[in-house]
Amino acid sequence: MNRVETTKSLAAASRGAVWLKALDPEAKLLGELIPSVAAADGEIDGRAVRFMAVLPDPKNRYPRARKGEVGLLEGWAVATSVLDFVQAESSQEEKTPLVLVIDVASQAYGRREEAFGIHQALAASSAAFIKAREVGHPVVGFIVGKAMSGAFLAFGYQADYLIALNDPEVMVHAMSKESAARITLRTVEALDHFASEIPPMAYDVRHFSQLGILGELLDISDPDLPATDDVKKARAAILKGIRFAKAENLPERRLHAPLRQASAMVRARMRAVWH
C-alpha cells in the first residue's frame, strides 16, 4: 500500500498538517499571515479549492496557543485571510470552495487572551466563514483530529458540510474532559460513565455523528499516515460536500438525526402555533 509522501516534521506537527499536505501535495502554499495559520490553493478532481488549517506553532508569542489552539492571533488571521479571499473573488460568478482541515485542540485559555478580547477574535473568524457562505463560497470542514470548544466554533463549525474520520483520536465537544470534570465537580471516570448513558455528553465522533451534524464519517486505514486510497476517499467525500453545500437544507437535514427527534418535534409544534 503506497503512502502519501509525508515528512517527519509534518507527521510530528499535527494531523492537520499531515492531511493538509496529503489532500493535494501540489497545492500552492500562500504566504503566511502567521506560522500557525496555513492556506493553500489546490484542486480536487480539477476543481479549484482553497485549503485552510490551524497548525501548532511552538514559537507562538502566546504560550497558550502553541499546540494547535485557536487564539487571538489565529482568530484574526483566519478572519483576515477568508475576508481577503472573498473580496478577491467578489466579481467571480463561480466561487471557489473553502476546505477546512480541522485539528484544533481548543481555544487558547489565558488571562492575556481574555483581556485582549479573544471572544472578538474568534467571533471574527466565525463571521468570516458566514460571509463566505452568504456570497456563494461552499465551505466544507474535514475533521481529522480534535475539534474542541471555541476553536471548533471559530474554525469549522460554520461549514456547510462536515466530514470526519472515524477514529478514536477524533473528538468533538464543548470542552476537554479535564475541564468538564473540574466544572461539574466530578471525576473524568464519572463523566465517561455518564457519556455511556447520555450520548450528547460523549466525546467520540461516533456519538457526535448521531446528532446529525456530520455529512459523512470516513473509515480509513491510518489517520496519521494516510494511504493513497485513504486520500482518494477523503477527496471524494470533500467533493461530495462541495456539491451538496448549496443543495441541502442543513438545519432540516440535522433534525433527521436519531438524537434530534425531540428537537424536530418542538420545532414542528412551534411552527404550527406560530402559523
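By convention here, each chain's residues receive numbers from 1 onward along its written sequence. In view of the model being predicted, local features appear only for residues whose pLDDT reaches at least 70, and side-chain atom pairs are presented and counted only at 80 or more, with totals across whole chains, interfaces and linings using the full set of residues. The basis for every side-chain value is the complete set of heavy atoms in the structure, and neither hydrogens nor water enter the calculation.

You'll find the protein entered in an unreviewed UniProt entry as Malonate decarboxylase, gamma subunit, with Sutterella wadsworthensis HGA0223 given as the organism.

**Student:** Just give me the short version of helix 7 (residues 177–184), but keep the residues and values in it.
**Tutor:** Note on exposure labels: buried denotes an accessible area under 20% of the residue type's maximum, exposed denotes more than 50%, and partly exposed covers the range between, all computed with a 1.4 Å probe on protein chains only. Secondary structure counts use DSSP, requiring at least four H or I residues in a row for a helix and at least two E residues in a row for a strand, with both numbered from the N terminus. Within helix 7, the full set of buried residues consists of S179, A180 and A181. Where helix 7 terminates, the next one or two residues include L185, which has phi positive at roughly 60°.

**Student:** Describe the confidence of the model for the protein, listing the residues and the values that go with them.
**Tutor:** In low-pLDDT segments, the atomic positions of the prediction should not be examined closely. Per-residue confidence from the predictor is given as pLDDT, running between 0 and 100. Here the protein shows a mean pLDDT of 86. Residues at 70 or above account for 87%. No element of the protein has a lower mean pLDDT than helix 1 (residues 8–13), at 46, and none a higher one than strand 4 (residues 98–104), at 97. In what follows, residue pairs with any heavy atoms lying within 4.5 Å of each other are defined as contacts. In the model, residues 1–12 has pLDDT below 50 throughout and makes 23 contacts with residues more than four positions away in sequence or in other chains.

**Student:** Run through the packing of helix 3 (residues 72–88) against helix 5 (residues 118–134), naming residues and quoting values.
**Tutor:** To obtain an axis, a line is fitted to C-alpha atoms, over the contacting stretch when the element is a helix, and the angle between two such axes runs from 0 to 180 degrees between their N-to-C directions. One can describe the packing of helix 3 onto helix 5 by two numbers: an axis separation of 8 Å at closest approach and a directional angle of 25°. Considered as vectors, helix 3 and helix 5 are oriented roughly parallel to each other. Note that helix 3 runs across helix 5; the crossing there is left-handed. Here L72, G75, W76, V78, A79, V82, L83 and V86 of helix 3 lie close against helix 5, whose contacting residues are I118, Q120, A121, L122, A124, S125, A128, F129, K131 and A132. Broken down by class, the residue content of the contact of helix 3 with helix 5 amounts to 14 nonpolar, three polar and one charged. Angles below 35 degrees are treated as roughly parallel, those above 145 as roughly antiparallel, those between 65 and 115 as roughly perpendicular, and all remaining angles as oblique. A clockwise turn of the near helix away from the far one marks a right-handed crossing, whereas an anticlockwise turn of less than a right angle marks a left-handed crossing. Under the convention adopted here, Pro, Cys and the residues Ala, Val, Leu, Ile, Met, Phe, Trp and Tyr are nonpolar, Asp, Glu, Lys and Arg are charged, and Gly plus all remaining residues are polar.

**Student:** Any details on the side chain of D103? Residues and values, ideally.
**Tutor:** With respect to the helices and strands, D103 occurs in strand 4. Residues scored as charged are limited to Lys and Arg (positive) and Asp and Glu (negative), so that His and the chain ends carry no count. What makes a salt bridge here is a side-chain nitrogen of Lys or Arg within 4 Å of a carboxyl oxygen of Asp or Glu, nothing more. Notably, D103 is buried but unbridged: the nearest opposite-charge side chain belongs to K146, and the N-O separation is 6.2 Å. Residues adjacent in sequence count toward polar contacts only when both atoms are side-chain atoms; beyond that, a polar contact is any pair of N or O atoms within 3.5 Å, and within protein one must be able to donate a hydrogen and the other to accept it. Separated by 3.2 Å, the side chain of D103 and the backbone nitrogen of R15 make a polar contact. Within the structure, the side chain of D103 is placed 3.4 Å from the backbone nitrogen of G16, a separation counted as a polar contact.

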